[in-house]
Amino acid sequence: DDVVIRASTIVDSEMASGSDAGPFAHLRGRASIGALAHIGNYAEIKNAVVGERVRIGHVSYVGDATVGADTNIGAGTITCNFDGTDKHRTTIGEGVFVGSDTMLVAPVELGDGAVTGAGSVVTKDVPAGATVVGVPARRIRDRRGRDADSESGSSS
C-alpha cells in the first residue's frame, strides 16, 4: 500500500507500505525495502534487506547487506562486497549515519548509532555509537562523544 515508484526498475524484489523508489533506482536480486523507506535517484539495491524508515538518498550501491531501521546512507556510498572471488556481507545497525562517499569494504559491521565521516573507507567493524573517519577509517569518538584518545588516558 502507498508505494511510489518513479521511473525505476524493480526485479525480484519487494517494497513495504509507504516506501518509495526513484527516479532511476534499481532494485534487484531479492532486495527487500522496509516500510516508509526512501530509495532515491540512481541508487541500486541488490540482495539486501533495508529496514523501516531508512533513507538512501542518491547515487549509492547497497549490495549483499542488511541496513537497520532509521539509518541514513549518504550520497555516493558503496558496499564493496566482491573481492574478486567471493561476495561478502555488510551489516549496518539501527540509527547509523553513513557519510557521503563512504566505502564499506565487506565483510564489515557498523553497530547501532555508529557514524562515518564523508569519504571514509571502512575496512574494520565499527562499534555501536562510535564515529570513524579517514582512509582507512579510524575511530575518533566513542558513543558518549569522548575522543578516542581519551579512552586510553592520552591527553590532547
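Read on for a plain summary of the structure. (Residues numbered from 1 in each chain as written. Predicted model: local features only at pLDDT ≥ 70, side-chain atom pairs only at ≥ 80, totals over all residues. Heavy atoms only, no water.)

Looking at the overall build of the chain
Put simply, the rule is: Starting at the N terminus, helices and strands are each numbered in turn, a helix being any DSSP run of H or I of at least four residues and a strand any DSSP run of E of at least two. In this setup the radius of gyration rests on C-alpha atoms only. A globule is expected at 2.2 Å times the number of residues raised to 0.38. Burial classes: relative accessible area under 20% of the type maximum marks a residue as buried, over 50% as exposed, and values in between as partly exposed (1.4 Å probe, protein chains only). Any pair of residues with heavy atoms lying within 4.5 Å of one another is described as a contacting pair. Surface exposure here means Shrake-Rupley accessible area, sampled with a 1.4 Å probe, where a residue is shielded only by the protein chains that are shown. Lys and Arg are tallied as positive, Asp and Glu as negative. Neither His nor the chain termini are counted. One atom stands in for each charge, and that atom is NZ of Lys, CZ of Arg, CG of Asp or CD of Glu.
Assigned secondary structure in the chain consists of 1 helix and 20 strands. Relative to its length of 156 residues, the chain is compact, with a C-alpha radius of gyration of 16 Å against a globular reference of 15 Å. Over its C-alpha atoms, taken along the principal directions, the chain stretches across nearly 55 × 35 × 20 Å. When the 156 residues of the chain are sorted by exposure, 42% land in the buried category. Across the chain, every contact between residues at least 6 apart in sequence was considered, and the portion connecting residues at least 24 apart equals 13%. Summed over all atoms, the accessible surface of the chain reaches about 7,600 Å², with 50% contributed by carbon and sulfur. Distance from the positive charge centre (15 side chains) to the negative charge centre (20 side chains) of the chain: 4 Å.

Points about the sheet that holds strand β14 (residues 97-98)
Put simply, the rule is: The rule for pairing is simple: two strands pair if DSSP sees at least two bridges between them.
The strand order across the open sheet built from 9 strands is β1-β4-β7-β9-β11-β14-β17-β19-β20, with neighbouring strands paired in mixed fashion. A single partner strand is all that each edge strand has here, and the edge strands are β1 (4-5) and β20 (138-141). In the sheet, β14 pairs with strand β17 (residues 115-116) via 2 bridges, with the strands oriented parallel. In the sheet register, F97 faces β17, and the bridge partner there is V115.

With respect to a nonpolar patch on the surface
The criterion, for reference: Residues qualify for a patch when their relative accessible area is over 30% and they have no salt bridge, like charges being joined within 9 Å and the nonpolar side chains of Val, Leu, Ile, Met, Phe, Trp and Tyr within 5 Å. What counts as a salt bridge is simple: a side-chain nitrogen of Lys or Arg found within 4 Å of a carboxyl oxygen of Asp or Glu.
Residues F24, Y42 and V59 make up a contiguous nonpolar surface patch of about 330 Å² in total accessible area. Considering the arrangement of structural elements, one finds V59 in the loop between β9 (55-58) and β10 (61-67). Residue V59 is classed as partly exposed on the basis of its relative accessible area, which comes to 46%.

A look at the environment of N81
For clarity, the cut-off: Any N or O atom pair separated by 3.5 Å or less is treated as a polar contact, with the protein-specific requirement of one donor-capable and one acceptor-capable atom, and with residues adjacent in sequence counted only for side-chain atom pairs.
Within the element layout of this structure, N81 appears in the loop between β12 (78-80) and β13 (90-92). Separated by 66 residues in sequence, N81 and M15 place their C-alpha atoms 23 Å apart. A distance of 2.3 Å separates the side chain of N81 from the side chain of D64, its partner in a polar contact.

Considering the nonpolar core
One recurring pattern in soluble globular proteins is that nonpolar side chains are buried together. Put simply, the rule is: Joining through side-chain atoms within 4.5 Å is the link that ties buried Ala, Val, Leu, Ile, Met, Phe, Trp, Tyr and Cys residues into a set, and such a set is a nonpolar core.
Core analysis: the biggest nonpolar cluster contains 29 residues, and L27, I33, I39, I45, V50, I56 and L110 have the highest contact counts within it. Residue assignment for this core shows that the elements contributing at least two residues are β8 (44-50), β10 and β16 (108-110).

Quick notes on the packing of aromatic side chains
What counts here: Ring geometry is summarised as follows: Phe, Tyr and Trp rings, the Trp one being its six-membered ring, pair when their centres sit within 6.5 Å, and such pairs are stacked at plane angles under 30 degrees, edge-to-face over 60 and tilted between the two. Only when the NZ of Lys or the CZ of Arg is both within 6 Å of the ring centre and within 35 degrees of the ring normal is a charge said to sit over the ring.
Evaluation of the coordinates by the stated rule reveals 1 aromatic pair. Ring geometry for F24 and Y42: centres 5.3 Å apart, planes at 25°, overall stacked. With F24 in the loop between β4 (20-21) and β5 (26-28) and Y42 in the loop between β7 (38-41) and β8, this pair connects stretches of sequence that are 18 residues apart. The class for F24 is partly exposed, based on a relative accessible area of 47%. Taking NZ or CZ as reference, K87 lies 5.6 Å from the ring centre of F82, over its face.

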